[in-house]
Amino acid sequence: MTVTEDTTTTVEPVTVAVIGTGAIGQDLVSKVHRSPVLECALVAGRNRESEGLRHAARLGYPTTSGGIDAILAAPRPFDVVFDATNAMSHAEHWRLLRPLPGTLLIDLTPSRVGQFVVPTVTGTHAPTERNVSLISCGGQASIPVTHALANRFAVQYIEVVSTVASSIAGRATRLNLDEYVATTQHAIAEFSGVRDTKAILNISPAVPPATFRTAIHAIIPDATTDAVRAVVADAARRVRAFARGYEVIACTVTGDQVVVSLEVAADSDVLPRYAGNLDIINSAAILVAEQHAARLGSAAARTGAVR
């Protein structure tokens, strides 16, 4: 139990469930395990022999192969549900979970169903919807920078090219390539205000596996190297507050051509270092859930109620 400032009132831990037992789901469970304010109450998959369910069980968490049906059958609604499945399944999951009072659904698929959230851009304000979208790994890596550049300069064009290692691009990623591109491109345009945008995803077969990288190409008339680097460095600093492996590895200005190269190394108990694509979107998801937990705790403290 978590004790509020009023020591006569206790607030129950914020309960979370994870749907999906692939690499994203496994890392989410590990990150929830490290969180002081989130309590993993269920990990749901479809294959009872999956490594994801075994991983959750080793950490002492309840598991099920009942998928979304098990989430719906829980004795009480979960405070947060992480959807780490695929874009096609997410729409159905939202349809089924939407009637549950109070549950926040955090979407780690590129479904484009929920409200877009990028922590350093959207801030700590409560989302206006109970379904929030983390867009994509490329979106989480690039949008803090593209948004910052568009706030400072008159940006005419943005292109984002992300490269992930083949060995960490699972079945859901490969099924959702079209959705990934469309959702990432739409979100870049929405947060930057730049209409002419493009998103590309490369799946690299390189051995050893390539660390996740995102390159941002922008056309910015009259930009100077010093000004661009200052904006990019500040955006990166804010992302590193929750994703420690986020680094700017190059930032060049040639005429009106701006190129920013980003690399993300995973900070994870289960992911290899090169899987920064999964780490950054999961780190953003955990931050969103912890901010939600803080709001729930503050509300309970104000009312003197026990959730």
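Refer to the preceding data block for the structure.
The rules behind these values
- Residues numbered from 1 in each chain as written.
- Predicted model: local features only at pLDDT ≥ 70, side-chain atom pairs only at ≥ 80, totals over all residues.
- Heavy atoms only, no water.
- Buried < 20%, exposed > 50% of the residue type's maximum accessible area, 1.4 Å probe, protein only.
- Helix = DSSP H or I, 4+ residues; strand = E, 2+ residues; numbered from the N terminus.
- Arc of directions from axis to C-beta.
- Contact = heavy atoms within 4.5 Å.
- Polar contact = N/O pair within 3.5 Å; in protein donor to acceptor, adjacent residues only side chain to side chain.
- 1 Å grid on protein atoms, 1.4 Å probe; cavity = no way out; pocket = protein on both sides within 12 Å on 5 of 7 lines; lining within 4 Å.
- Points joined across faces, edges and corners; volume = space filled by probe spheres on them.
- Nonpolar A, V, L, I, M, F, W, Y, C, P; charged D, E, K, R; others polar.
- Phe/Tyr/Trp six-rings, centres within 6.5 Å; stacked < 30°, edge-to-face > 60°.
- Pairing = 2+ DSSP bridges.
- Axes fitted to C-alpha atoms, helices over the stretch in contact; angles between N-to-C directions.
- Core = buried A, V, L, I, M, F, W, Y, C linked by side-chain atoms within 4.5 Å.
- Domains from an automatic or database assignment.

Visitor: Got a minute to help me understand helix H4 (residues 87–97) in this structure?
Guide: Here H4 has its buried residues at Ala87, Ser89, His90, His93, Trp94 and Leu97. Taken down its axis, H4 places every buried residue within 140° of arc, on the same side. Packing partners of the buried residues in H4 comprise strand E3 (14–19), helix H3 (67–72), strand E6 (80–83), strand E7 (104–107), strand E9 (131–133) and helix H8 (177–192). For H4, the side-chain oxygen to backbone nitrogen distance between the N-cap and Met88 is 3.1 Å, and the N-cap itself is Asn86.

Visitor: Looking at this model, I keep getting lost on unusual backbone geometry. Mind explaining?
Guide: Both trends apply: most residues other than glycine have a negative phi, and most peptide bonds are in trans. Omega for the bond connecting Val207 with Pro208 falls within 30 degrees of zero, at 0°, which places this linkage in the cis form. In this structure, Pro208 sits in the loop between strand E11 (197–204) and strand E12 (213–219).

Visitor: So what exactly am I meant to see when it comes to the layout of surface pockets here?
Guide: One simple way to see leftover space: roll a probe sized like a water molecule over the atoms. As a volume, the largest pocket reaches approximately 940 Å³. Elements with a contribution of two residues or more to the lining of the largest pocket: helix H1 (23–34), H3, H4, helix H7 (171–175) and helix H10 (276–303). It is H7 that contributes the most residues to the lining of the largest pocket, 4 residues altogether. Each residue belonging to the lining of the largest pocket can be placed in one class, and the counts come to 19 nonpolar, 21 polar and 2 charged.

Visitor: Where do I start with the packing of aromatic side chains in this structure?
Guide: To describe a pair of aromatic rings, one takes the distance between the centres and the angle between the planes. Under the counting rule described, the total for this entry stands at 1 aromatic pair. When the centroid spacing of 6.5 Å and the interplanar angle of 40° are considered together, the rings of Phe116 and Phe191 count as tilted. Residue Phe116 is found in strand E8 (residues 115–116), and its partner Phe191 is found in helix H8; the two are separated by 75 residues along the sequence. Across this residue pair, the class does not change: Phe116 and Phe191 are buried.

Visitor: Before we go on, may I ask you to explain the side chain of Thr103 in this structure?
Guide: If you trace the backbone, Thr103 turns up in the loop between H4 and E7. Within the structure, Thr103 has its side chain in polar contact with the backbone oxygen of Phe78 (distance 2.7 Å). Setting aside residues no more than four positions away along its own chain, Thr103 makes contact with Pro77, Phe78, Asp79, Val81 and Arg130.

Visitor: For this particular structure, what's the right way to read the sheet that holds E11?
Guide: Pairing between the strands of a sheet comes from backbone hydrogen bonds, and it takes one of two forms, parallel or antiparallel. The sheet built from 5 strands is open, its strands ordered E11-E10-E12-E14-E13 with mixed pairing. Looking along the sheet, the strands with just one partner apiece sit at the ends: E11 and strand E13 (246–254). Strand after strand, the sheet turns through a mean of 15° between neighbouring axes, direction not considered. Inspection of the sheet shows E12 paired to strand E14 (residues 257–264) by 7 bridges, in the antiparallel sense. Looking at E14, one finds that Thr214 is bridged to Leu262. Strands in contact with helix H6 (residues 137–152) are strand E10 (157–165), E12, E13 and E14; relative to E12, the strand with the most contacts, it is inclined by about 40°. Contacts from H8 reach E10 and E11 within the one sheet, and its direction differs from that of E11 by about 140°.

Visitor: Would you mind going over the nonpolar core with me for this structure?
Guide: Within the largest apolar cluster, 80 residues are counted, with the highest numbers of intra-cluster contacts made by Phe82 and Ile106. Element by element, the count of residues in this core is highest for H10, at 9 residues. Each of domain 1 (14–135 + 278–305) and domain 2 (137–273) accounts for three or more of the residues forming this core. In this structure Phe82 touches Val16, Ala17, Val18, Ile19, Leu28, Val32, Ile106, Leu108, Ala285, Ile286 and Ala289, once residues within four positions along its chain are discounted. Ranked by size, the runner-up nonpolar core spans 13 residues in total, among them Ile68, Ala70, Ile71 and Leu100.

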